[in-house]
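Summary of structural features
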Amino acid sequence: MLDIKLIRERPTFVKNNLSRRGNPEFIEMLDKLIALDKKWRLDLTELNKLRHKRKKATNEIASLKKINKDISNSIKKAKNLDGLIENLEKEVVVEKKKIKEYLLKIPNLLHETVPIGLDENKNVQLKKWGEIPNFDYAIKNHIELGTKLQIIDIKRAGKVAGSRFFYLKGSGVLIDLALINFAIKEMTNKGFELVEPPYLMRREAYQGATALADFEDVLYKIENENLYLIATSEHPLVAMFMKEVIEEKNLPLKIAGISPCFRKEAGSHGKDTRGIFRTHQFNKIEQFIFCTPEQSWLLHEELLSNAEDIMKKIGLPYRVVNVCTGDIGTVAAKKFDIEVWMPAQNAYREIVSCSNCTEYQSRRLDIRYREKEGAPVKGFVHTLNSTAIATGRMIVAILENFQQEDGSIIIPEVLREYMGNIKKINL
RNA sequence: GCCGGGAUGGCAGAGUGGAUAACGCGCAGGCCUUGAGAGUCUGUGGACCUUUAGGUCCGCAUGGGUUCGAAUCCCAUUCCCGGCGCCA
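1. Let's talk about the side chain of His 280
Relative to the assigned elements, His 280 resides in the loop between strand E8 (253-262) and strand E9 (281-291). Given a relative accessible area of 10%, His 280 falls into the buried group. Of the polar contacts made by the side chain of His 280, one reaches the side chain of Tyr 220; its length is 3.1 Å. In contact with His 280, other than residues within four places in its own chain, are Ser 163, Arg 164, Phe 165, Tyr 220, Cys 261, Phe 262, Arg 263, Lys 264 and Glu 265.

2. Observations regarding the sheet that holds strand E14 (residues 377-380)
Taken in spatial order, the three strands make up an open sheet running E7-E13-E14, and their pairing is mixed. Of all strands in the sheet, those with a lone pairing partner are strand E7 (245-247) and E14, marking the two edges. Recorded for the sheet is a direction-independent mean angle of 35 degrees between the axes of neighbouring strands. Sheet topology places E7 next to strand E13 (residues 368-370); three bridges connect them, and they run parallel. Bridge assignment links Ile 246 to a residue of E13, and that residue is Tyr 369.

3. Examining the layout of surface pockets
Of the pockets and cavities examined, the second largest pocket occupies roughly 370 Å³. Surrounding the second largest pocket, 18 residues form its lining, Leu 6, Phe 13, Asn 108, Leu 109 and Thr 358 being those nearest its centre. Contributing elements (two or more residues each) for the lining of the second largest pocket: helix H2 (11-19) and helix H12 (360-365). Within the lining of the second largest pocket, the residues separate by chemical class into nine nonpolar, four polar and five charged.

4. Topic: the sheet that holds E9
In space, the eight strands of this open sheet follow the order E1-E10-E11-E12-E15-E9-E8-E4, with mixed pairing throughout. Of all strands in the sheet, those with a lone pairing partner are strand E1 (124-129) and strand E4 (193-195), marking the two edges. For this sheet, the mean angle separating the axes of adjacent strands, direction not counted, is 25 degrees. One ladder, built from 10 bridges, connects E8 with E9; its direction is antiparallel. Following the sheet pairing, Ala 256 is matched in E9 by Gln 287. Sheet strands in contact with helix H7 (residues 171-189) are E4, E8, E9 and strand E15 (382-390), and its direction is about 10 degrees off that of E9.

5. Digging into the protein's contact with RNA strand B
Within the structure, RNA strand B sits among 26 residues, and Arg 8, Arg 41, Asn 48, His 52 and Arg 202 are positioned closest to it. The protein-proximal atoms of RNA strand B, defined as those within 4 Å of the protein, are 80% sugar or phosphate. Arg 8 places a side-chain nitrogen or oxygen 2.5 Å from a phosphate oxygen of RNA strand B. In this structure, His 52 approaches RNA strand B through a side-chain N or O atom, which is 2.7 Å from a phosphate oxygen. Of all the secondary-structure elements, those providing two or more residues to the surface near RNA strand B are helix H1 (4-9), helix H3 (24-66) and helix H4 (72-105). Looking at which element gives the most residues to the surface near RNA strand B, the answer is H3, with 13 residues. In terms of residue class, the surface near RNA strand B is built from eight nonpolar, five polar and 13 charged.

Basis of the calculations
Residues numbered from 1 in each chain as written. Chains lettered and ligands numbered in written order. Predicted model: local features only at pLDDT ≥ 70, side-chain atom pairs only at ≥ 80, totals over all residues. Heavy atoms only, no water. Helix = DSSP H or I, 4+ residues; strand = E, 2+ residues; numbered from the N terminus. Buried < 20%, exposed > 50% of the residue type's maximum accessible area, 1.4 Å probe, protein only. Polar contact = N/O pair within 3.5 Å; in protein donor to acceptor, adjacent residues only side chain to side chain. Contact = heavy atoms within 4.5 Å. Pairing = 2+ DSSP bridges. Axes fitted to C-alpha atoms, helices over the stretch in contact; angles between N-to-C directions. 1 Å grid on protein atoms, 1.4 Å probe; cavity = no way out; pocket = protein on both sides within 12 Å on 5 of 7 lines; lining within 4 Å. Points joined across faces, edges and corners; volume = space filled by probe spheres on them. Nonpolar A, V, L, I, M, F, W, Y, C, P; charged D, E, K, R; others polar. Near = heavy atom within 4 Å.

Right, dumping it as structure tokens:
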């Protein structure tokens, strides 16, 4: 959510920034918001005047009553104002609500370094790491590999839960858990505190964590309850501190969230339908940071480098892209994606997403900071998030990149200690 | 799920139908002091208008209701605590 004061004081600046997203709807919304805000302030001032009049009348009643004088005239005077006040009150409430709605829909301001572009094709490659493997035999995709090795069962998952679900079995489970444990070690070594969040969240909290428009497409709602399954641990992690004031000595607050993620993936029909690249449920270890505005851009780079370290240690070739204005989403001011090489697709595909959300989430959730206890609040914290490891996609990458001619898989060395020191997954 | 208790500023906590939501802690500033501390004075919820100063309204979990007037009375909802029940 943007600061309404900033919009009032520097409307052109905000408009220019929003226009970089290339969606005229946002400009329309902003114009409507500005006009509505103006009207709201006028009406509010008028309402306050009326309320003042009534207040004076009721005070009069109190003092007349004390000296046993007749109050029927004064009561009439006060009652006459009621209708006017009630009507204007309703108007003001409706206006305020609409203003809030616009504010919740208008996306975050973009950092100046975000490249302009309509879609992911305009994302700018920043760096590349690792050698793309050269296979001198016909390679298999992760579905063939996983099925043959009996570590992934998509068919039976379809029978039981529908498409985009999967069973992991045997060594598949071990890799999944090894990835989690490896990520835990990496994050702990880098000073992150481990957190297992609730997997369900109330609407009030969820609305602060993400954009309203994302709800229906992405989130599973529990029937007859005000609860949603989390799409990523980022959401319960940021909401964890809603309505709180954090002391500066505790910033930056670094958290590693561990949880399954549930996503409807509505609107992605036909995209990545086969296999476990895009599924309704997967496990993820997430990096999350609360910090001061001064710290956030440096920490954004740090989160990226943490995620890159993991890629390097596992040994997967990847590239980093600076996500462009059309692809960046509502809440981020700037976003890096790490894309891993997927041999069977002959392409780099997203495996890590690393965002600086500046104060967009914290303003919605009212997460502020102050110098120390009792001191006045300084402002809203900045929030950042980045994937550490999303196990589903990582398993796809490992199977495809480390496959051997006979269909076996070489296990990356860093994972072996968590898998009983086996080096290979064989049939 | 049932019964009971509760929700007031950054924190603690009074106020049970009538003007400014008390006192305190913390924090900020002034005075005092070589400095710190102690002491002392002032300030310390939000919004809007006007801005040198100031003015007005809102705010006691949320939403309704009663009343000329609600933190206070009534109804509903949410959350927290305790007890009982159920349960991995």
